[in-house]
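Spelled out from the first residue to the last, the chains are:
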Amino acid sequence: MFGLPLRKRYKNSLLLLIGLLFLALAIVLFSSTGQKSSVSASNYFPRAFTEVAPRCERMTLPQVRSFKDNSAISCEIQSSNKVIPALAWQRQDITLDGWDNNGTEVQLAPWPELHPNAKTARVPVLMYHDILPEKQVFFDVTPEELEAHFQSMKEQGVTPISLDWLISHLRTGIPLPEKPVLLTFDDGYGGHYQYVYPLLKKYEYPAVFSIYIKKMEMTTGRSSVTWEQLREMSADPLVTIVSHSVTHPRDLRTLSDEDLKKEIFDSKQILEKELAIKVPYFTYPEGKADDRVKGVVTEAGYRAALSMNDADEHFAGESTDLLTIGRFGQSRTARIIPQAFGGQPLPREDGGFNFATPIHKYEVKFPNNTLVLISGGIPRTIHANSRYQVPEIIAGTGAVGAVDGAFFSLKSLDSNVMIGPVLSQNGGFVPGYKGEIGKLTNRPLVLLSDRWVRYVPFDPEKHNTLEGINAESLDGATVTDAFVAAAWLVRDGKPQPAETFNNLYTFDVARHRAFWGINMAGQPVVGVSREPVDSVALGELLYEAGFRDAVMLDSGASTSLAYQDQSLVAYTPRPVPHVVALFPPLSPTLLQVSHVGNPCVIYEDSCGNG
C-alpha cells in the first residue's frame, strides 16, 4: 500500500475508514434493536420522555377563571429535576396574611410511579360509552341523563379536570381542587360529537375521548364520530384525544408481538397525522394489559394509560402506576362523586402554617391501628359551661370538627373547671386549678393565634396569668387560645421516646387516645386512634402520618372526635368541658379552574419556550 501513489493511498484509506464507520453503526443499531425487543414497562424509558421538570414561574393567567381562559400558558424551560410551583398553584400554601409563595420545591416521582402525596387524594375517573336517545345496553346513557350528571356535579361543587392535570398531580403530588373528577368517553361514538361535545361547551367541562381507528370506517351498527368532527373537537382545549388501538381487540395480551405493536404504534401515528396533535395517552380496550402490553405502550412513547376492571374499580391515586390508571363505570357516579377529594397540600419547607384549606375527614390505616383524622380550616378552642359530649359542644358554633381537649377536674359531674389555665374566644381567660396545676409542669402549653401555633413547656408560676400567656407571642400577634396538653407525641418532626413522658400516668398503657397538632403542610389536624395504643407507639404512627408536631389530649374514657355534629367513635365517651375545634377558612383558597398549565411538569416537550 505504501508503494502506491499518494492520491491512491489516500483514496484507499478513506474507503477503509468509511467501511469501519458503517460497521460500527451496524453494531450500534443491532444492539439497540436487541434491547427494544425485550422492552418492559419497568426497564424501558422512552427517549422522547425527557426527565426534566422546568420551573413554570412565568405563567400567564387571565383574570377570567374558566377552563379555556387558563389553557393558554407559557413556561420557561430550565434544566432541573425539581419544579417550583407558580403562585397560582400554591393557593393551598398560604396563610391568612395573603397569597404567599413559600418556595416549596416539589420532587417529581420517578416515572411511571405515583407521587406519595397523590395517593392521599380520591380522584374518580368516570368512564362513559355511547350517549344516545334510546338505550340499547345497560351502560348506555341518554343525553338527558348525562346532563343530569353534569348538573349534579355543578351543584355539588365538583371540578372536572383535564387528563394533563391529573397526570401532573399523580407525578408531583400537587393537590387538585377540592372535588376533582376526570370525565372519559370511550370508542368514538357519533353521540360523543352530537350530544357530549355540546354539553361540555355548555358547562365548560373538559373530557377525554378514547378513539379506535376502525370505528370511523364503520357504516353499520352504532353511529361513529367522523374525522372532520374529531378535528373540530381536538382543536378545543376542553377535549383530549386518546388512542384506543386500531381495531379494539378484546384482549391485547393475546396478540402476537407484531400485531400488538400495530395496534399501539399505528393508532398513535394515525391520530397524530389526521388531527395534527400529539397523542401522549393510551386507553386499553376493555382494560386488559400485562407487563408486555405496558412495555409496548411505553416504547410507543405514551406517557400514561387508562384502564378498567369491573371487579376492582378504584380512585386514580390507588392505581399501580401511570400505565394502569383505574376508572369507575358511570353507573357509580352518584355514589363516587361525594367521595372525591383533591388531596393534601404538599409539605412546607419553611415551617409555616396554613389555616386556609377546606376541612376534610380521612383515615390513615396501619397494620395494627387506624388513625381517624380531620384536617384543615382554622383551629380554635371552646370552653363549655359544663361537661357535654363533643358533638353537643360544637353544635351551632360553625365548627366542622372537634376533639376533646385539655384535662379537667373530676370533683363534680357537671364541673367545667380545668386543671391548667385555658384561654378561649368564647370564655376568655380562666386560670388553672391551684390544687393540681403543679402536675402539669413542663407539659406542652399550646398557644394559638390567627397565624400560628406554638408549643412551649408549661411553667405554673409564669403561665397562669393572661399576661404570662401573651408574653409567649413571637411576633406581637394576639394569642387567641391557650391550654395545657398532656404530652408531646411528635416534636419538631420527631416522634418522642419513652423518657420524655416523665411521670405521665399510664403513658405506656394501650388506651384510646385523642390528639391534635400540625402536619407537614402546616395544616391543623385533630384525631383519635381507633384502637387502644400506648403513647410512644402513637407518636410513631403520627410521625408516619405526616405530623410535624402533635400533642396528646385528655384520653382514655374522654377520647372523642366529632365531624359535622356526628360522633366518630364507636362508644359513648365521658362528657368533657373543653374541645379543640376546626372552623372553616375565611375565604376559598383553591383555584376554581380545570387547567393551569400543568403539562409543564409532566414532560419537557409539552412546554413552550417562554
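Residues numbered from 1 in each chain as written. Predicted model: local features only at pLDDT ≥ 70, side-chain atom pairs only at ≥ 80, totals over all residues. Heavy atoms only, no water.

## Section: the overall build of the protein chain
Point 1. When helices and strands are tallied, the protein chain shows eleven helices and 27 strands.
Point 2. Within the span of the protein chain, comprising 610 residues, buried residues form 56% of the whole.
Point 3. Of all intrachain contacts in the protein chain linking residues separated by at least 6 positions in sequence, the fraction that spans at least 24 positions is 72%.
Point 4. As presented, the protein chain carries roughly 26700 Å² of accessible surface, and 52% of it is formed by carbon and sulfur atoms. (Helix = DSSP H or I, 4+ residues; strand = E, 2+ residues; numbered from the N terminus. Buried < 20%, exposed > 50% of the residue type's maximum accessible area, 1.4 Å probe, protein only. Contact = heavy atoms within 4.5 Å. Areas by Shrake-Rupley, 256 points an atom, 1.4 Å probe, with all protein chains shown as cover.)

## Topic: the sheet that holds strand 26 (residues 566-567)
Point 1. Across the sheet, five strands lie side by side as 13-27-14-25-26; this open sheet has antiparallel pairing. If you trace the sheet from one side to the other, it starts and ends with strand 13 (378-388) and strand 26, each paired once.
Point 2. Both strand 25 (residues 561-563) and strand 26 contribute to a ladder of two bridges, which runs antiparallel. Among the inter-strand pairings, Y563 is bridged to a residue of strand 26, identified as Q566. (Pairing = 2+ DSSP bridges.)

## Looking at the pattern of salt bridges
Point 1. By the definition in use, this model includes 22 salt bridges.
Point 2. Between E313 and R332 there is a salt bridge whose closest N-O contact spans 3.0 Å. Separated by 19 residues along the polypeptide, E313 in the loop between strand 9 (304-306) and strand 10 (328-329) and R332 in the loop between strand 10 and helix 8 (333-336) bring together distant segments of the chain.
Point 3. When its relative accessible area of 19% is taken as the criterion, E313 is described as buried.
Point 4. The salt bridge partner of D475 is R451, with a shortest N-O separation of 3.3 Å. In this pair, D475 sits in the loop between helix 10 (466-470) and strand 19 (481-484) while R451 sits in the loop between strand 17 (444-448) and strand 18 (453-457), placing the two residues 24 residues apart along the sequence.
Point 5. Of the residues examined, D475 reaches a relative accessible area of 42% and is grouped as partly exposed. (Salt bridge = Lys/Arg side-chain N within 4 Å of Asp/Glu carboxyl O.)

## Remarks on the packing of aromatic side chains
Point 1. Applying the stated rule across the entire model yields 14 aromatic pairs.
Point 2. Centroid distance F150 to Y203: 5.8 Å. Interplanar angle 80°. Geometry classified as edge-to-face. Of the two residues, F150 is situated in helix 2 (residues 143-155) and Y203 in helix 4 (residues 190-203); the sequence distance between them amounts to 53 residues.
Point 3. Counting every residue linked through ring pairs, the aromatic cluster contains Y128, F185 and F209. (Phe/Tyr/Trp six-rings, centres within 6.5 Å; stacked < 30°, edge-to-face > 60°.)

## A look at the side chain of T240
Point 1. Its location among the elements puts T240 in strand 7 (residues 239-243).
Point 2. In this structure T240 touches A207, V208, F209 and Y281, once residues within four positions along its chain are discounted.

## Things to note about the packing of helix 5 (residues 227-234) against helix 6 (residues 257-275)
Axis angle and axis distance: for two packed helices, these are the angle between their axes and the distance between the axes, and together they describe the pair.
Point 1. Running from N to C, helix 5 and helix 6 point in directions that differ by 80°, and their axes come no closer than 10 Å. With respect to their mutual orientation, helix 5 and helix 6 come out roughly perpendicular. In this structure, helix 5 contributes W227, L230, R231 and S234 to the contact, and helix 6 contributes I270, L271, E274 and L275.
Point 2. Of the residues assigned to the contact of helix 5 with helix 6, the class counts are five nonpolar, one polar and two charged. (Axes fitted to C-alpha atoms, helices over the stretch in contact; angles between N-to-C directions. Parallel < 35°, antiparallel > 145°, perpendicular 65-115°, else oblique. Nonpolar A, V, L, I, M, F, W, Y, C, P; charged D, E, K, R; others polar.)

## As for helix 11 (residues 535-544)
Point 1. Along helix 11, the positions that sit buried rather than exposed are S535, V536, L538, G539, L541 and L542.
Point 2. Two to three positions downstream of the cap, the backbone nitrogen of V536 sits 3.1 Å from a side-chain oxygen, assigning the N-cap of helix 11 to D534.
Point 3. After helix 11 finishes, the residue G546 shows a positive phi value of roughly 95°. (Polar contact = N/O pair within 3.5 Å; in protein donor to acceptor, adjacent residues only side chain to side chain.)

## Description of the environment of T333
Point 1. Along the chain, T333 turns up in helix 8.
Point 2. C-alpha separation for the pair T333 and M153, spaced 180 residues apart in sequence, amounts to 9.5 Å.
Point 3. What T333 contacts, discounting residues up to four positions off in sequence, is L126, Y128, H149, M153 and P338.

## A look at the side chain of S307
Point 1. Considering the arrangement of structural elements, one finds S307 in the loop between strand 9 and strand 10.
Point 2. Assessed through its relative accessible area of 7%, S307 is described here as buried.
Point 3. At a separation of 3.2 Å, a polar atom in the side chain of S307 contacts the main-chain carbonyl oxygen of G287.
Point 4. With near-sequence residues (within four places) excluded, S307 lies in contact with Y284, G287, T324, I325, G326 and R327.

## Quick word on the confidence of the model for the protein chain
Point 1. Of all residues in the protein chain, 78% have pLDDT values of 70 or greater, and the mean over the chain is 82.
Point 2. For the stretch residues 25-104, pLDDT sits under 50, and the model shows 188 contacts to residues farther than four places along the chain or on other chains.
Point 3. Note that pLDDT drops below 50 for residues 588-610; the model gives that stretch 91 contacts with residues more than four away or on any other chain. (pLDDT = per-residue confidence, 0-100.)

## Considering the sheet that holds strand 20 (residues 487-491)
Point 1. Strand order in the open sheet made by the seven strands is 11-12-23-22-24-20-21, with antiparallel pairing throughout. At either end of the open sheet lies a strand with only one pairing partner, and these are strand 11 (360-365) and strand 21 (494-495).
Point 2. Pairing analysis gives five bridges linking strand 22 (residues 514-519) to strand 24 (residues 547-552), with the strands arranged antiparallel. When the bridges of strand 24 are listed, G517 appears paired with A550.
Point 3. Taken strand by strand, helix 11 contacts strand 12 (370-375), strand 20, strand 21, strand 22 and strand 24, and its axis lies near 35° from that of strand 20.

## What to know about the nonpolar core
Point 1. The biggest cluster of nonpolar side chains holds 78 residues, and the ones touching the most others in it are V403, V446, V453, F483, W516, L542 and L553.
Point 2. At six residues, the largest contribution of residues to this core is made by strand 27 (residues 576-583).
Point 3. For V446, the residues in contact, after removing those within four places along its chain, are V453, R454, Y455, D481, A482, F483, A485, W516 and V551. (Core = buried A, V, L, I, M, F, W, Y, C linked by side-chain atoms within 4.5 Å.)

## Considerations on the packing of helix 4 against helix 5
Point 1. At a closest axis distance of 12 Å, the pairing of helix 4 and helix 5 adopts a crossing angle of 10°. Taken together, the axes of helix 4 and helix 5 lie roughly parallel to each other. Once helix 4 is placed against helix 5, the crossing between them reads as left-handed. Along the contact surface, helix 4 presents H192, Y193, Y197 and K201, while helix 5 presents Q229, E232 and M233.
Point 2. Partitioned by chemical class, the residues of the contact of helix 4 with helix 5 number three nonpolar, two polar and two charged. (Left-handed = near helix turned anticlockwise from the far one by under 90°.)

## Considering helix 7 (residues 291-299)
Given 3.6 residues per helical turn, the α-helix brings residues three or four places apart onto the same face.
Point 1. Counted residue by residue, helix 7 has seven buried out of nine residues, so it is predominantly covered.
Point 2. One side-chain oxygen at the N-terminal end of helix 7 lies 3.2 Å from the backbone nitrogen of R292; it belongs to D290.
Point 3. Looking one or two residues beyond helix 7, the residue adopting positive phi is G301, at roughly 100°.

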